[in-house]
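# Structure at a glance
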Amino acid sequence: MDYIPPTVEQLFALRVSAGLDELALHERFAAASADITEAVVTGIGDFSAREWAPLNRIGDTQGAQLIDGQVVLPEGFAEAYRGYVEAGWNGISAPEEFGGQGLPFSLSCCVLENLGTANLAFSLMPMLTVGAIEALIYHGSEEQQSAFLPKLVSGEWSGTMNLTEPQAGSDVGALQTTATPIAKGPHSGKYRISGTKIFITWGEHALAENIVHLLLARTPDAPAGSRGISLFLVPRYHLDSDGAPGERNDLKAISLEHKLGIHASPTCVMSYGDDGECIGEIVGAENEGLHAMFTMMNNARLNVGAQGVMIAERATQQAMGYALDRVQSARAGSSDKSPVAIIEHPDVRRMVLRMRALTEGARALLYYGCGQVDLGSLGDTSAQERAELLVPLVKAWCTDIGCEVASLGIQVHGGMGFIEETGAAQYLRDARIAPIYEGTNGIQAADFVTRKLGMDGGGVLAALLDEIEREAGDVTTLAKLSWDCKEIAEWMKGQASLDDRLAGSLPFLSMCATAVAGWQMLRQARAAEQPDAPPSIKHTKPVTARYFLDHIVPQAGGLKSSARAGANLLYELDAPALVG
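A brief look at the structure comes next. Throughout, a residue's number is its position along its own chain's written sequence, starting from 1. Local features in a predicted model are, by the rule used here, given only for residues with pLDDT of at least 70; side-chain atom pairs are given and counted only at 80 or more, and totals for whole chains, interfaces and linings are based on all residues. As a convention, hydrogens and water are excluded, and side-chain values are obtained from all of the structure's heavy atoms.

## Considering the overall build of the chain
Secondary structure summary: the chain contains 20 helices and 12 strands in total. Radius of gyration here is computed from C-alpha atoms only, and the compact-globule reference equals 2.2 Å multiplied by the residue count raised to the power 0.38. Here the C-alpha atoms of the chain give a radius of gyration of 24 Å, agreeing with the 25 Å that 2.2 N^0.38 yields for 580 residues. Principal axes of the C-alpha set define a box for the chain whose edges measure 85 × 60 × 55 Å. A total of 580 residues make up the chain; the buried ones form 56% of that total. For the chain, restricting intrachain contacts to residue pairs at least 6 apart in sequence, the fraction spanning at least 24 positions comes to 73%. All accessible-area figures derive from a Shrake-Rupley calculation using a 1.4 Å probe, and residue coverage is judged against the displayed protein chains alone. Element-wise, carbon and sulfur atoms account for 52% of the exposed surface of the chain, whose accessible area totals about 23500 Å². Under the convention used here, Asp and Glu are negative, Lys and Arg are positive, and both His and the chain ends fall outside the count. The atom standing in for a charge is NZ when the residue is Lys, CZ when it is Arg, CG when it is Asp and CD when it is Glu. Side-chain charges in the chain split into 44 positive and 70 negative, and the spacing between the mean points of these groups amounts to 6 Å. Elements are defined by DSSP. Helices are runs of H or I of four residues or more, strands are runs of E of two residues or more, and each kind is numbered from the N terminus. Think of it in three bands: residues with accessible area under 20% of the maximum for their type are buried, residues over 50% are exposed, and the middle band is partly exposed, with areas taken using a 1.4 Å probe on protein chains only. Between two residues, a contact is recorded if the distance between any of their heavy atoms is within 4.5 Å.

This is the structure:
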C-alpha cells in the first residue's frame, strides 16, 4: 500500500503539542513561521512518499548483503539517498554555521517521522547521523567540528554509534575495546583503537562518502566500569590535507546480523585495528565518554520513540485501506444480508479506532517532548528538566505502542495479515527492535523510577502531574490517572525498596506516559473546536481523543496494582525453580 503523509495531523500536533507557534516568537526560531513549517512538513511528506516509500518492501525482501567486505543495498537506495542529501533534508535543525537551517528539533523530528514511516530501515541512517552531529556540537573540539560537521550536516557523510560488545550487552561499563595514545609520528596526539563492536547500525555502506564512527573505548590504566570510558571519533577514511576522504582507516565490517526485521538496515559487526593501525581521536576528555555519548543517545531515544509512531502510522494506514476494501459477511443484526466491507463490523471498527487513537496519542506525546527540548535549548530550565523526564516515556511507551498497533494491523487483515505478501507482517517485524535498542524499555523504566523520579526531589514529575490534573477538568478518567500516578510516585520515593521500584517500573512508566499522552489528546480535542482548526481535524479529533480518554486511559489506571505490588513475589521461587 502507498504511504499517504499525515501532513494535516502532523502540523496540528506540532502547533498544539510542540507549541511551534510560540517557539517561532523567539529570535532563534523565527524562521519557523507557519508558512515555512507547512512547506517543510508538506515537502518531506511528498519526498518520502515518492522516493523512499516504494523501496520499503524491496528493502525488506532483498535486504542488505555483505559481499567481499562491502555492504550491497537493494537497487534504488543510492539514488534515493542522493535525492535526500541534495534536497537538504539532513540539516533541518543543525546550526547554520555548519550548513544547517537552525530550525527547531521538533521539525527535524517530523522530517524523520515521514522518512521512517515511508521506510523505517532506511531512516536509521540519517537518525544516527543527527545524533553524531549533536554529540560533536556539544563535545567536539573546534577542529573536529570544522572538519566533520559540515559534511555530516549535509548528509554527504554519515555517523554511527559504537557501544555494544559481544561480552557486554547493555552493560556498557564492561566494554574491552582499547585506545592507546600515540606519542610520535604523523598521528601523534591521537589513539590507536583495537576491539570489536556489535549491532552497529549502518556501520558500513556505500551511500555516503565517509562514515564517522563515534566509539566508546578504554585508555590504559582507565578506572574500571563506566567511569573509565572515553569517546573517540574514528572515520572510515582519514582526511587528506584538503579535508576530503583519503586513506582508508584500519576498520571493517566482518559480518551482518540476520534480523527479524529492518532488513535493509545493515547491522554490522565491526572490527577495529586488525592490523594495529586503526586511528581515532578523542572527543572531549578522557574518562568522560559516557557523558558525551549520552548526548547522542538521548537524541536517539526520542527518535526511536518516534519510530513507534512511524510504524503505528503505516500499519494503521494499511489496515484502514484493507478494512475498506475487504468485503465479508453481513452486518450483525441487519435485515440486509448482503456482505459488507469489514470496516462495518463492530470489532474491526474497535481495532481501527484503537489504532488511530494510539497512533495520535503517541505522536502527541512525542511532539510534546520535542517541544520541551526546543524550549530547553532556549534557556528554559523547567522545560529542559521536563524534557529529560519525558525521554524514557517517549522511548518506551511509543515503541510499545508501535508493536501493539502493528499487531492489531495484522489482526484486522485476519489470515491475510499472517501472509508476507500483504506486507502487514513487515510492520510488526520492523517494530519489534524499537523496544530493545538505545536502551531496552526495561532500562528506560529503571531510569524513570531512579534518576528521573528523583529530579528536584520528585518535583519535576509532581509539577507535570499537577498540570495534567488541573487541565483535566471534568475528564475524570484523566484526573484519576494523574492522581494515581502521584500516589505511586510518593510510595516509590518513600517506603518502596529499590527492588520494589524496579519491579513496578514498567507499569508505572506506562501509566505516566498514558497520562501525558491523554492530556495532549485532550488539548488537541479542545484546539479542534477552534475556528482555525482544519476541517478534517474538527471532524475526527474529538472522536479519537474521546476513545483515548474513555478506553485507553482507564486501562492504564488498571496497572496501579502492578506498579505497587513490590518485588517479593518475583523472588518467591529461586532461579532453578522458576525456570525448571
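## A short note on the pairing of strand β7 (residues 230-235)
Here β7 lies mainly inside the structure; six of its six residues are buried. A two-sided burial pattern is seen for β7, the buried positions comprising Ser-230, Phe-232 and Val-234 on one face and Leu-231, Leu-233 and Pro-235 on the other. Pairing between strands requires that DSSP locate at least two bridges from one strand to the other. Where strand β6 (residues 210-217) and β7 come together, six bridges link them in antiparallel fashion. The partner of Leu-215 across the bridge, within β7, is Phe-232.

## A short note on the packing of helix α9 (residues 289-325) against helix α11 (residues 381-413)
In a pair of packed helices, the angle between the axes and the distance between the axes together describe the arrangement. Note on definitions: angles span 0 to 180 degrees between N-to-C directions of axes, and those axes are lines fitted to C-alpha atoms, for helices only across the stretch in contact. Following both chains from N to C, one finds α9 and α11 inclined at 20 degrees, their axes separated by 8 Å at the closest point. Comparing the axis directions of α9 and α11 gives the class roughly parallel. Our pair here, α9 against α11, has a crossing hand that is left-handed. Note on residue categories: nonpolar means Ala, Val, Leu, Ile, Met, Phe, Trp, Tyr, Cys or Pro, charged means Asp, Glu, Lys or Arg, and polar means any other residue, Gly included. Tallied by class, the residues present in the contact of α9 with α11 amount to 14 nonpolar, nine polar and two charged. By the definition adopted for this analysis, an angle is roughly parallel if under 35 degrees, roughly antiparallel if over 145, roughly perpendicular if from 65 to 115, and oblique otherwise. In this scheme the handedness of a crossing depends on how the near helix is turned from the far one: anticlockwise by less than a right angle means left-handed, clockwise means right-handed.

## Points about the state of the cysteines
Cysteine sulfur atoms that come within 2.5 Å of each other are treated as a disulfide pair. Using the criterion set out here, one finds zero disulfides in the structure. No disulfide involves Cys-110; its nearest neighbouring cysteine sulfur is the one of Cys-109, lying 7.5 Å away.

## Some words on the environment of Gly-280
On the secondary structure map, Gly-280 appears in strand β12 (residues 278-283). You can call Gly-280 buried: its relative accessible area is 1%. Through-space distance from the C-alpha of Gly-280 to that of Tyr-84 is 29 Å; in sequence the pair is 196 residues apart. Non-local contacts of Gly-280, meaning those with residues more than four positions away in its chain, are made with Lys-190, Tyr-191, Ile-193, Leu-233 and Val-234.

## Here we look at unusual backbone geometry
The phi dihedral of Asp-221 falls on the positive side, at around 65 degrees, and the residue is not glycine. Mapped onto the secondary structure, Asp-221 falls in the loop between β6 and β7. Residues other than glycine seldom take positive phi values, yet Asp-456 does so here, at roughly 55 degrees. Along the chain, the position of Asp-456 falls in the loop between α13 (441-452) and α14 (459-472). For Asp-456, a relative accessible area of 62% gives the class exposed.

## Some points on the nonpolar core
In this structure, Trp-397 and Phe-508 are the most contacted members of the largest nonpolar core, which totals 175 residues. Among the elements that line this core, the one with the most residues is α9, at 17 residues. If sequence neighbours within four positions are ignored, Trp-397 has contacts with Gly-361, Ala-362, Leu-365, Pro-392, Leu-509, Ser-510, Ala-513, Thr-514, Ala-517 and Phe-548. Counting residues in each nonpolar core, the second largest holds five residues, with Phe-12, Ala-527, Ala-528 and Ile-537 among its members. For our purposes a nonpolar core is just a set of buried Ala, Val, Leu, Ile, Met, Phe, Trp, Tyr and Cys residues, chained together by side-chain atoms within 4.5 Å.

## Quick look at the environment of Leu-464
Locating Leu-464 in the fold gives a position in helix α14. Excluding its chain neighbours within four sequence positions, the residues that come into contact with Leu-464 are Tyr-368, Arg-386, Leu-389, Leu-390, Val-516 and Trp-519.

## Comments concerning the packing of helix α1 (residues 7-16) against helix α18 (residues 535-557)
The geometry of α1 relative to α18 is characterised by a closest axis approach of 10 Å and an angle of 80 degrees between their N-to-C directions. With respect to each other, α1 and α18 are oriented roughly perpendicular. Touching Val-8, Glu-9 and Phe-12 of α1 are Ser-536, Ile-537 and Lys-541, all from α18. For the contact of α1 with α18, the per-class residue count stands at three nonpolar, one polar and two charged.

## Structural notes on the packing of aromatic side chains
Two rings from Phe, Tyr or Trp (for Trp, the six-membered ring) form a pair when their centres sit within 6.5 Å of each other. Planes less than 30 degrees apart are called stacked, planes more than 60 degrees apart edge-to-face, and all others tilted. One pass over the structure, following the stated rule, counts 12 aromatic pairs. Between Phe-47 and Trp-52 the ring centres are 6.4 Å apart and the planes differ by 55 degrees, which places this aromatic pair in the tilted class. Looking at Phe-47, the relative accessible area reads 6%, which means it is buried. Ring geometry for Phe-122 and Trp-202: centres 6.1 Å apart, planes at 20 degrees, overall stacked. Taken as a pair, Phe-122 in helix α7 (residues 120-139) and Trp-202 in the loop between β5 (191-201) and β6 lie far apart in primary sequence, 80 residues in all. For Phe-122, a relative accessible area of 0% puts it in the buried group.

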